[in-house]
Protein chains: 2
Amino acid sequence: MTNTISYDEILENFKKLLKSKNLKYTTQRELILKIIYDNNGHFTPEEIYALIKESYPKVKLGIATVYRTLTLLEDANIVTSISFGTQGKKYEFGITHHHDHLVCLKCGKIEEFYDDLIEKQQEEITKKFNFKMSDHVMKIMGTCSACLAKG
Amino acid sequence: MTNTISYDEILENFKKLLKSKNLKYTTQRELILKIIYDNNGHFTPEEIYALIKESYPKVKLGIATVYRTLTLLEDANIVTSISFGTQGKKYEFGITHHHDHLVCLKCGKIEEFYDDLIEKQQEEITKKFNFKMSDHVMKIMGTCSACLAKG
DNA sequence: CTTATTGCAAACGTTTTGCACGTTT
DNA sequence: AAACGTGCAAAACGTTTGCAATAAG
């Protein structure tokens, strides 16, 4: 999904958020946010950690900080995650509109889609069950067009 | 979801499956299948292990066998699983028609639903993306009616 | 100078694996 | 007898935590 908000805007909002929670603005937190913003896609905490190590070798960073920051960013709705069972989670930049995922089991690629009808129907279901929805996920697993083409 | 196939039928199919794969019919494998069939609901491997230990104290059983058998049963589409991120998976008897889940984050209860419109729409999406669907999951998370009532 | 944050390593919970022993065929 | 399955304990995996050292406000 393409980002429509500029990074400067994001960063300003992030700084404000930190201030409002009496949290501190650190190099590590900024870089984690920046890496996710810059590299559009879905990444595991390990991948984000590796990307930063590679792009900013001088910065000291531990994997624990990546996890802690991702939790922080997800709570603030700045990133969102998609779960892969035992194999962990992938995070993506999340100040875009809601969408669901097509996950290719061959190459691991994740495509995104949004379907209004499905969203509406989910609302209907929660009404029927008198259920208060806080979140929902939908994943379609299979083989992507590229992998199908490859045979 | 209520089972419409008798246990005897299931068991016969399971035995055939094992034979066809040159696998052996063991007490452990039978009990794991039986426990999931008997106790309608969604269980973690640990819960299944505990249930068997409780119901059949004389049978020797290790947790590894539970995991191994659940994988086997899931590959054979006899059970299905629903993932809870780091907190593991829950398994349910799966020779019923497909359904999705409403997961209560307060009490952990899982309700099931089936919606034809959503299913159809998913097909449409895969067509649009030229994607070959092998499986799909949809989970709606939130608070169930019982927990809402409790305040 | 106070408070939050960090990296590190150890701990965690779930799942998988290697292996010698048992069971099924 | 051959082949597969088992329990056990150890390892693996992603993630979280305690803590002393460090950086931000």
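Remember, it's a predicted structure, so these values are computed and weren't measured experimentally.

Moving on: the interface of chain A and chain B. The figure often quoted for interface size is the accessible area lost as the parts come together. Facing the 34 residues of chain A at the interface are 34 residues of chain B. For the pair chain A and chain B, the summed buried surface comes to about 3,000 Å²; carbon and sulfur atoms form 68% of the total. Among the residues chain A hides against chain B, the three largest losses belong to A:Phe129, A:Phe131 and A:Met141. Together they make up 20% of the total. Where chain A packs against chain B, one counts 0 salt bridges. At the junction of chain A with chain B, the criterion picks out 12 residue pairs in polar contact (both at pLDDT 80 or more). Elements represented by at least two residues in the side of chain A that touches chain B include exactly β3 (100-104), β4 (110-113), α5 (116-129), β5 (132-143) and α6 (145-149) of chain A. Sorting elements by how many residues they give to the side of chain A that touches chain B places β5(A) first, with 12 residues. Class assignment for the residues of the side of chain A that touches chain B results in 17 nonpolar, 11 polar and 6 charged. The pairing of β5(A) with strand β5 (residues 132-143) of chain B spans 11 bridges and is classified as antiparallel. Paired with A:Met141 across the strands is B:Asp135, a residue of β5(B).

Further remarks concern the protein's contact with DNA strand D. Near DNA strand D you find 22 residues, and of these A:Tyr67, B:Lys24, B:Arg29, B:Leu61 and B:Thr65 are the closest. A share of 73% is what sugar and phosphate atoms reach among the atoms of DNA strand D within 4 Å of the protein. Within the backbone of A:Tyr25, a nitrogen or oxygen atom sits 3.3 Å from a phosphate oxygen of DNA strand D. Contact distances for DNA strand D include 2.9 Å between a phosphate oxygen and a backbone N or O atom of B:Leu61. Partitioning the surface near DNA strand D into residue classes produces 7 nonpolar, 8 polar and 7 charged.

Another point: helix α3 (residues 45-55) of chain A. Among all positions of α3(A), only A:Pro45, A:Ile48, A:Leu51 and A:Ile52 are buried. Within α3(A), the buried residues cover an arc of 125° as seen down the axis, which keeps them to one side.

Residue and element names in this part refer to chain A. Domain boundaries in chain A define domain 1 (7-93) and domain 2 (100-150). A C-alpha centroid distance of 24 Å is found between domain 1 and domain 2. Contacts between the two partners involve 6 residues from domain 1, matched on the other side by 6 residues from domain 2. When the two sides are added together, the surface that domain 1 and domain 2 hide from each other amounts to roughly 500 Å², 59% of it contributed by carbon and sulfur. It is His42, Ile82 and Phe84 that lose the most area in domain 1 upon contact with domain 2, and together they represent 68% of the buried surface on that side. At the boundary of domain 1 with domain 2, the tally comes to 4 residue pairs in polar contact (both at pLDDT 80 or more). Elements supplying a minimum of two residues to the side of domain 1 that touches domain 2: β1 (79-83) and β2 (89-93). Split into classes, the residues belonging to the side of domain 1 that touches domain 2 amount to 2 nonpolar, 2 polar and 2 charged.

Conventions used here
Within every chain, residues take consecutive numbers counted from 1 along the sequence as written. For this description, chains carry letters from A and ligands carry numbers from 1, given in the order in which they are written. Local features are withheld for residues below a pLDDT of 70 in this predicted model, meaning they are given only at 70 or higher, and side-chain atom pairs are given and counted only at 80 or more; totals for whole chains, interfaces and linings count all residues. To obtain the side-chain values, all non-hydrogen atoms of the structure were used and water was disregarded. The contact criterion used is simple: two residues touch if any of their non-hydrogen atoms lie within 4.5 Å. Accessible surface is computed with a 1.4 Å probe, and the buried area is the amount of it that two parts give up when combined, taken over both parts together. By convention in these notes, a salt bridge is any Lys or Arg side-chain nitrogen within 4 Å of a carboxyl oxygen on Asp or Glu. Polar contact is the term for a pair of N or O atoms within 3.5 Å; when the atoms are in protein, one must be able to donate a hydrogen and the other to accept it, and sequence-neighboring residues count only if both atoms are side-chain atoms. Note on conventions: DSSP H or I runs of at least 4 residues are helices, E runs of at least 2 residues are strands, and numbering of each starts at the N terminus. Note that Gly is not counted as nonpolar here; it falls among the polar residues with everything else outside the nonpolar set of Ala, Val, Leu, Ile, Met, Phe, Trp, Tyr, Cys and Pro and the charged set of Asp, Glu, Lys and Arg. Strands qualify as paired when DSSP identifies two bridges or more between them. Proximity criterion: a residue is near a molecule or strand once any of its heavy atoms comes within 4 Å of it. Only protein chains enter the area calculation, which uses a 1.4 Å probe; residues under 20% of their type maximum are buried, those over 50% are exposed, and those in between are partly exposed. Think of it as the arc spanned by the lines of direction from the helix axis to the C-beta atoms. The source of the domain bounds is an automatic or database domain assignment.

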